[in-house]
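Listed below, chain by chain, are the residues.
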Amino acid sequence: MNKKHTPTVAFHTLGCKVNQHDTAIMAALFQDSGYAVVDFHEVADVYVVNTCTVTHLSDRKSRQMLRRAAGENPEAIVVACGCYAQTAAKELEGLDEVDLIIGTNERHRVVEAVEQFAKDHQRQIYLPEKNDLFYYENLPHERVSGMTRAYVKIQEGCNQFCTYCIIPYARGPLRSRSEDDTIEEINGLVAAGYKEVILTGIHIGAYGRGLKDETCDLTGLCRRILDETAIARLRIGSLEGVEVTDDLIEMIATNPRMARQLHLPLQSGCDQTLAAMRRPYDTAAFREMVAAIRARVPDIAITTDIMVGFPGETDEDFQASLAFADEMAFSDMHIFKYSQRDGTPAATMPNQVDPRIKDARAKEMAAVAARNKIAYEEALIGRRVRLLLEEPLGDGRWVGHSSNYLYVTVTGEGLSSGRFVDAVLTGRQEGRLQGELINSDEEE
Ligand code: SF4
């Protein structure tokens, strides 16, 4: 008797944490429908590429992965979803390898779309009607157990329209997920053994916008999560500096379950460039905000995103940006080279910067980033930190991360993933912090 074939699905995700979250949820949708999730390099019945369009490179990589999927199994159903699918559906229609195109608010229909295609082999495009972009697409939120950290999406879309950014066009206007639904998901994650959640979204500082209860905001949501769930550690994803409130700083300063880390995109350290980007602050305001946070939470990790090569950025502008980034002494920096995005104001600005100059500026900025990261870590040597263990390195060595996002290697007996241990930072080896265990039998 031939054993019933269990359909298989494989995923490849490009881009941000929000995309990773959306993929995790789509995987759960397929599993709920009896599919087995396999690795992208294996032969699968269905391939889903969750695309990104933040740079022209991510467009190219998205197309590459879609072709690779069809190459892995020519009989398979190939699905393009996410931001590139949303903004360039016409282009993707030109790719023979792609069977289904699903936009950024229709992911909940992915299994239904695949099963319809399996029946009629009709290529379909599922793009939300303009108005449909105004509701928050509530995806179910079962998660695979056995993990320690989970991204929890609380918000979608953005209304800020920074001049270089394609995201508002790909993900639509601001909309938020209800507090109750968020808390229900986190309680489910705690029950499944997760120890840390990272609140994520496109513009989480604007959380609450679009909810009936206009009083909802990010600080209020964090307070409810700390009060109504037993999550051991709550981390906040990328946040616009201008949306950091005194209450939020106070919560981070006083509640040990709040991660002592904030990711605050600066984008440029030059006021002319910030104005041309239409960023809602200047360097003086950013400096003041960082000083206020550090005054209240001295050892907090402040990380950032910074762009080089924005149209019109002169050598002087860049040197000003470099000097300001150095002055801010971020504990880590993500460096991006400006990428022209069709449909954004910056794409048609004069004085586009030569790619070789962008490369050179990115290198200079990376040197500042590396120096300040080491300086931040070395200043904490001798300190006691609480680590959430995640990954075994072999020979009793484990790596875990602290509240202020330090990745630290410790060695000990009977350690396991998802366990909190206390350690003293002893130094850096092979580019990573080392710690000596203080006690390893404490189970959170
Ligand atoms: S805040 Fe600016 S950079 Fe961030 S998603 Fe919105 S438009 Fe893009």
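Everything discussed here concerns the structure shown above.
What you see is a predicted model, and the numbers here were worked out from it, not measured in a lab.

Quick notes on the environment of Arg 260
For Arg 260, the position within the fold is in the loop between helix H9 (246–254) and strand E12 (261–263). Discounting chain neighbours no more than four positions away, the residues touching Arg 260 are Ile 252, Ala 253, Val 297, Asp 299, Ile 300, Ala 301, Ser 403 and Asn 404.

A word on the packing of aromatic side chains
A full pass over the atoms with the stated rule returns 10 aromatic pairs. Consider the rings of Tyr 164 and Phe 310, whose centres lie 6.5 Å apart with planes at 85°: the pair is edge-to-face. Here Phe 310 lies in the loop between strand E13 (301–308) and helix H12 (315–328) and Tyr 164 lies in the loop between strand E8 (155–156) and helix H6 (167–171), a separation of 146 residues in the sequence. Here Tyr 164 matches Phe 310 in class, with each residue buried. For the ring pair Tyr 405 and Tyr 407, a centre distance of 6.1 Å and an interplane angle of 75° mean the geometry is edge-to-face. Take Tyr 405: its relative accessible area is 31%, and that puts it in the partly exposed class. Taking relative accessible area as the criterion, Tyr 407 reaches 31% and is therefore assigned partly exposed. Here a set of aromatic residues connected by ring pairs shows up, and it is made of Tyr 281, Phe 286, Phe 324 and Phe 330.

What to know about the site of the ligand
As a matter of local geometry, the ligand sits amid Cys 158, Gln 160, Phe 161, Cys 162, Tyr 164, Cys 165, Pro 168, Ile 202, Glu 240 and Arg 279. Here the shell around the ligand is built from residues that sort into seven nonpolar, one polar and two charged.

Considering H9
Among all positions of H9, only Leu 248, Ile 249, Met 251, Ile 252 and Ala 253 are buried. Against helix H8 (218–228), strand E11 (233–236), E12 and helix H11 (283–296) lie the buried residues of H9.

Concerning the environment of Gly 427
Turning to its location among the elements, Gly 427 is positioned in strand E18 (residues 420–429). Not counting chain neighbours up to four residues away, the residues in contact with Gly 427 comprise Ile 381, Arg 432, Leu 433 and Gln 434.

Digging into the pairing of strand E16 (residues 397–401)
For E16, a buried count of four out of five residues is recorded, marking the element as mostly surrounded by other parts of the structure. Summarising the sheet, strand E15 (residues 384–394) and E16 pair through five bridges and their orientation is antiparallel. By the bridge assignment for E16, Leu 388 is matched with His 401. Counting the residues in the hairpin turn of E15 and E16 gives two residues, including Asp 395, whose phi is positive at 50°. Sheet topology note: the E16/strand E17 (residues 407–411) ladder contains five bridges and is antiparallel. Looking at E17, one finds that Trp 398 is bridged to Val 410. Following E16, the chain reverses through five residues before pairing antiparallel with E17; Tyr 405 in that reversal takes a positive phi of roughly 60°.

Digging into the pattern of salt bridges
Should their charged atoms come close, side chains of opposite charge can pair. By the definition in use, this model includes 33 salt bridges. A salt bridge links Asp 180 to Arg 224, with the nearest nitrogen and oxygen atoms 2.9 Å apart. Placement of the pair is Asp 180 in helix H7 (residues 179–191) and Arg 224 in helix H8, with a sequence separation of 44 residues. Across the pair Asp 326 and Arg 371 runs a salt bridge whose closest N-O atoms are separated by 3.4 Å. Taken together, the residues span a long stretch of sequence, with Asp 326 in helix H12 and Arg 371 in helix H13 (residues 355–378) at a distance of 45 residues. Looking at Asp 326, the relative accessible area reads 27%, which means it is partly exposed.

Points about the side chain of Thr 409
By the secondary structure assignment, Thr 409 is in strand E17. Among all residues touching Thr 409, those that are not within four sequence positions of it are Leu 393, Arg 397, Trp 398, Val 399, Arg 432, Leu 433, Gln 434 and Gly 435.

What about the sheet that holds strand E1 (residues 8–13)?
Reading across from one edge, E2-E1-E3-E4-E5-E6 is the order of the six strands in this open sheet, with parallel pairing throughout. Each edge of the open sheet carries a strand with a single partner, namely strand E2 (36–38) and strand E6 (124–126). Between one strand and the next, the sheet's axes are offset by a mean angle of 20°, whatever the strand orientation. Two elements, E1 and strand E3 (residues 46–51), share five bridges in a ladder whose sense is parallel. Considered in E3, the bridge of Phe 11 is made with Val 48.

Brief notes about the sheet that holds E12
A sheet is described by the order of its strands in space; here three strands give the open sequence E12-E13-E14, paired in parallel fashion. Of all the strands in the sheet, just E12 and strand E14 (332–337) have a single pairing partner and so form its edges. Taken pair by pair, the neighbouring strands of this sheet meet at an average axis angle of 15°, ignoring direction. Bridging between E12 and E13 involves three bridges; their strand directions are parallel. What sits directly across from Leu 262, in E13, is Ile 302. Across the face of the sheet, H13 comes into contact with E13 and E14 while running at roughly 175° to E14.

Reading the values: rules and limits
The numbers attached to residues start from 1 for each chain and follow its sequence in the written order. Side-chain atom pairs in this predicted model are given and counted only at pLDDT of 80 or more, local residue features only at pLDDT of at least 70, and totals for whole chains, interfaces and linings cover all residues. Remark: hydrogens and water are excluded; side-chain values derive from all non-hydrogen atoms of the structure. We count a stretch as a helix when DSSP gives it H or I for four or more residues in a row; a strand needs E for two or more, and each element gets its number in order from the N terminus. Residue contacts follow a heavy-atom distance rule, with two residues in contact if any of their heavy atoms lie within 4.5 Å. Pairing of aromatic rings covers Phe, Tyr and the six-membered ring of Trp, with a centre-to-centre limit of 6.5 Å; geometry is then stacked below 30 degrees between planes, edge-to-face above 60, and tilted otherwise. With a 1.4 Å probe rolled over the protein chains alone, any residue whose accessible area is under 20% of its type maximum counts as buried; one over 50% counts as exposed, and the rest are partly exposed. Whether a residue is near a molecule or strand is decided by its heavy atoms; if any one of them lies within 4 Å of it, the residue is near. Three categories are distinguished: nonpolar for Ala, Val, Leu, Ile, Met, Phe, Trp, Tyr, Cys and Pro, charged for Asp, Glu, Lys and Arg, and polar for the others, with Gly belonging to the last. Strands are treated as partners if at least two bridges between them are detected by DSSP. Should a side-chain nitrogen of Lys or Arg be within 4 Å of a carboxyl oxygen of Asp or Glu, the pair is scored as a salt bridge. Angles here are taken between N-to-C directions and fall from 0 to 180 degrees, while the axes themselves are lines fitted to C-alpha atoms, restricted in helices to the stretch in contact.

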